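Geometric and topological summary
Letter by letter, the chains look like this.
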Amino acid sequence: MSVSQPLITPSVVAVVGTGAMGAGIAQVAAAAGHVVKLMDNRPEAAAKAVAGIQAQFGKLADKGKLSPDAAHAASARLIAVENLADLADAALVVEAIVESLEAKQKLYRDLEDIVGADCIFGTNTSSISVTAIGSALKRPERLAGLHFFNPAPLMALVEIVSGLATDKAVADTLFATAAAWGKTPVHARSTPGFIVNRVARPYYAEALRILNEGGADCATLDAIMREAGGFRMGPFELMDMIGHDVNFAVTRSVWNAFYNDQRFLPSLIQQELVDAGFLGRKSGRGFYDYREGAERPQAKSAVAQGVPDSIVLHGDSAAARALADRLHERGVAYTWGEAQDGRLAEAGDAVIFVTDGRTATRRASDTGIANTVLIDLALDYTSATRIAVSTAQSCWAPAVGSAIGLLQAAGFAVSRLGDVPGLAVMRTVAMLANEAADAVNQGVCDAAGADAAMRLGVNYPRGPLAWADAAGLPVICTVLTHLGQFYGEDRYRISPLIQQQVSAGKKIHDR
């Protein structure tokens with residue numbers, strides 16, 4: 001078999017486990033031209049999965065997304081079987097069974113005596129070590145991770161995960177096969193969480209920490225991450241959708257696998273939800289109440305303030321240029337100043353900075369500027385509809401009103417957070433980038449793979465490393481340094497890769 005060639009169609013692909021993931025993978029393989037044999041140890045489950053997939057092909061044909069002939073042909077390639085012996089002619093066996101090391105090892109051990117010598121084993125595990133699964137096999141080199149994301153027919157990403165014994169040719173064949181199936185594959189090494197489930201941890205963890213510290217409520221933080229950060233869903237609504245039992249279990253799994261590294265520390269808030277049975281949408285309650293008649297809380301926005309009499313903008317940052325454009329579009333007068341201390345703007349007596357990871361109170365103390373107001377990072381300050389702010393304890397109330405008035409005059413809804421370090425978007429992006437950089441530095445994946453995985457696997461608006469490059473690696477480094485100083489925790493240690501690139505004056509993607 002050629003290293004760079006996909007599996008030849010119509011070779012047989014077997015899918016063991018026909019739940020949502022297994023059925024989705026089977027649909028993808030059948031649509032790509034393979035004969036697909038489905039098996040499940042639950043009575044009639046495979047047959048029901050075949051019928052369900054065939055119905056999906058019919059719907060695609062009805063919508064004009066698939067020709068009737070193609071839908072019929074794909075449906076005809078689906079076969080439900082009852083015994084492992086029926087999989088003897090498979091070129092690839094994908095398992096999507098229960099997340100149990102012992103169950104996966106037993107399945108593939110049994111299959112080794114049934115399938116041919118060239119058959120590839122592709123486990124869809126999302127959290128179990130591929131190396132550990134392969135350790136029970138006579139030929140572990142034929143096993144690799146083939147990790148799809150739910151729903152498999154729609155999600156583009158597939159992680160190709162190599163265990164310690166995985167043959168490179170096997171991983172390359174799976175990579176080429178996934179690409180031939182219309183997916184975007186990325187190579188990963190078998191380490192806890194692979195790419196996505198590892199790098200995504202800070203998206204939940206930093207929001208949970210802000211909530212725990214009383215910095216803001218769930219609805220406000222979710223709105224900030226959507227409307228300023230550009231994320232499709234906020235962290236709390238996303239955890240509710242995933243299910244807290246699942247999300248908390250993944251966090252604990254990664255935390256345990258990294259020997260209780262503080263960077264992956266689970267949240268007591270989420271544990272309480274799990275203990276209470278408040279698992280999110282599926283149970284009717286989570287961070288939000290989904291029961292009939294329940295009222296959804298709204299994000300908190302500052303009350304309207306008047307436009308300040310004096311507005312002075314400073315610097316040539318993306319935030320300054322966007323603020324100038326937004327004010328100009330709305331006919332609000334401003335002037336340009338020449339301050340060299342990093343300030344973004346002055347509004348009346350308020351001095352506004354973009355957060356650098358210090359609290360507003362600490363920054364006011366360090367600079368001697370009592371009326372310090374901080375704003376959060378935004379994916380795009382030009383199009384963002386909301387911005388988060390925090391104020392120093394020494395900031396006078398009229399100065400706070402002037403700062404808020406300036407931002408409202410520029411068209412932002414303003415959410416005032418408690419004086420938490422790094423605010424919301426900035427600290428989250430910094431930690432996402434830090435974790436992605438560590439994954440690259442440790443050889444789990446390359447920078448392009450990390451960014452693609454997070455964009456395609458969890459729909460981030462921008463890859464975290466590309467975002468760090470755009471914001472400026474020195475900025476990310478400074479934010480992480482200040483977070484570490486504030487909390488005094490190893491959690492915010494800076495990835496060696498970020499440190500190296502900052503010292504070299506290069507971006508992550510310059511490597």
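In case you missed it, the structure is sitting above this.
This section reports on the structure supplied with the text. (Residues numbered from 1 in each chain as written. Predicted model: local features only at pLDDT ≥ 70, side-chain atom pairs only at ≥ 80, totals over all residues. Heavy atoms only, no water.)

Considerations on the nonpolar core
- Counting residues in each nonpolar core, the largest one holds 130 residues, and the members touching the most others are Val-93, Phe-236 and Leu-323.
- Considering every element that reaches this core, the biggest residue donor is helix α16 (residues 425-441), with eleven residues.
- Aside from chain neighbours lying at most four places away, what touches Phe-236 is Ala-207, Leu-208, Leu-211, Cys-218, Leu-221, Asp-222, Phe-287 and Tyr-288.
- In this structure, Val-15, Phe-57, Ala-61 and Leu-92 belong to the second largest nonpolar core, which totals 37 residues. (Core = buried A, V, L, I, M, F, W, Y, C linked by side-chain atoms within 4.5 Å. Buried < 20%, exposed > 50% of the residue type's maximum accessible area, 1.4 Å probe, protein only. Helix = DSSP H or I, 4+ residues; strand = E, 2+ residues; numbered from the N terminus. Contact = heavy atoms within 4.5 Å.)

A word on the state of the cysteines
- Scanning the model with the defined rule gives zero disulfides in all.
- The thiol sulfur of Cys-445 is not disulfide-bonded, and the nearest other cysteine sulfur, from Cys-477, lies at 20 Å.
- Cys-477 gets classed as buried once you look at its relative accessible area, which sits at 16%. (Disulfide = S-S within 2.5 Å.)

Overview of the environment of Gln-442
- Considering the arrangement of structural elements, one finds Gln-442 in the loop between α16 and α17 (447-458).
- The class for Gln-442 is partly exposed, based on a relative accessible area of 36%.
- As a C-alpha pair, Gln-442 and Pro-496 span 54 residues in sequence and 9.8 Å in three-dimensional space.
- The residues contacting Gln-442, other than those within four sequence positions of it, are Arg-189 and Arg-198.

Some points on the sheet that holds strand β1 (residues 12-16)
- Across the sheet, which stays open at both edges, the eight strands sit in the order β3-β2-β1-β4-β5-β6-β7-β8 with mixed pairing between neighbours. Each edge of the open sheet is held by one strand with a lone partner, namely β3 (78-80) and β8 (184-189). Direction aside, the axes of adjacent strands within the sheet are offset by 25° on average.
- Strand direction decides the pairing type here: β1 and strand β2 (residues 35-39), joined by five bridges, are parallel. Looking at β2, one finds that Val-15 is bridged to Leu-38.
- Docked against the sheet, helix α6 (residues 168-180) engages β4 (90-95), β5 (120-123), β6 (143-148), β7 (157-162) and β8, running at close to 155° with respect to β8. (Pairing = 2+ DSSP bridges. Axes fitted to C-alpha atoms, helices over the stretch in contact; angles between N-to-C directions.)

What to know about the pairing of β7
- Burial analysis of β7 places five of its six residues in the buried class, which makes it a mostly covered element.
- As paired elements, β7 and β8 share six bridges and run parallel to each other. Looking across to β8, one finds that Ile-160 is bridged to His-187.

Side note on the packing of helix α18 (residues 464-471) against helix α19 (residues 473-487)
- Two elements in contact, α18 and α19, have axes separated by 5 Å at closest approach and are oriented at 100°. With respect to each other, α18 and α19 are oriented roughly perpendicular. Where α18 abuts α19, its residues Ala-468, Asp-469 and Ala-471 lie against Leu-473, Val-475 and Ile-476. (Parallel < 35°, antiparallel > 145°, perpendicular 65-115°, else oblique.)

Looking at the environment of Gly-19
- Among the secondary structure elements, Gly-19 is positioned in the loop between β1 and α1 (20-31).
- A relative accessible area of 31% means that Gly-19 is categorised as partly exposed.
- In the structure, Gly-19 is positioned 89 residues away from Tyr-108 in sequence and 19 Å away in space, judged by C-alpha atoms.
- With residues near it in sequence (within four places) discarded, Gly-19 still touches Asp-40 and Arg-42.

Notes on the side chain of Thr-18
- Positionally, Thr-18 belongs in the loop between β1 and α1.
- Apart from the residues within four sequence positions on either side, Thr-18 is in contact with Ala-23, Leu-38, Met-39, Asp-40, Arg-42, Ala-45, Ala-46 and Ala-49.

What to know about the packing of aromatic side chains
- Taken as a whole and assessed by the stated rule, the structure comprises twelve aromatic pairs.
- Relative to Phe-231, the ring of Tyr-203 lies with its centre 4.7 Å away and its plane at 40°, an arrangement referred to as tilted. Remark: Phe-231 occurs in the loop between α9 (218-227) and α10 (235-242) and Tyr-203 occurs in helix α8 (residues 201-212); sequence separation between them is 28 residues. Here the two residues Tyr-203 and Phe-231 agree in accessibility, since each one is buried.
- Ring pairs connect the aromatic residues Tyr-203, Tyr-204, Phe-231, Tyr-460 and Trp-467, which therefore count as one cluster.
- Over the ring of Phe-121 we find Arg-142, and its NZ or CZ is 4.8 Å from the ring centre. (Phe/Tyr/Trp six-rings, centres within 6.5 Å; stacked < 30°, edge-to-face > 60°. Lys NZ or Arg CZ within 6 Å of the ring centre and 35° of its normal.)

Looking at the sheet that holds strand β13 (residues 372-375)
- Reading across from one edge, β10-β9-β11-β12-β13-β14-β15 is the order of the seven strands in this open sheet, with mixed pairing throughout. If you trace the sheet from one side to the other, it starts and ends with β10 (335-337) and β15 (413-416), each paired once. Looking at each pair of strands side by side, their axes are set apart by 30° on average, direction ignored.
- Of the strand pairs in this sheet, β13 and strand β14 (residues 386-391) are connected by three bridges, and their pairing is antiparallel. Within the sheet, the bridge partner assigned to Val-373 lies in β14 and is Thr-391.
- Each of β9 (311-314), β10, β11 (345-347) and β12 (350-354) touches helix α13 (residues 318-329); the most contacted strand, β9, lies at about 145° to it.

Quick word on the pattern of salt bridges
- Tallying each qualifying case throughout the model produces 31 salt bridges.
- The partner of Arg-263 in a salt bridge is Asp-438, and the shortest N-O contact between them spans 2.8 Å. Here Asp-438 lies in helix α16 and Arg-263 lies in the loop between α11 (244-257) and α12 (268-276), a separation of 175 residues in the sequence. The exposure classification of Arg-263 matches that of Asp-438, with both residues buried.
- Between Asp-366 and Arg-362 there is a salt bridge, with the nearest N and O atoms lying 2.9 Å from each other. Residue Asp-366 and its partner Arg-362 are both found in helix α14 (residues 360-367); the two are separated by four residues, about one turn of the helix.
- Relative accessible area serves as the criterion here: at 46%, Arg-362 is assigned to the partly exposed category. (Salt bridge = Lys/Arg side-chain N within 4 Å of Asp/Glu carboxyl O.)

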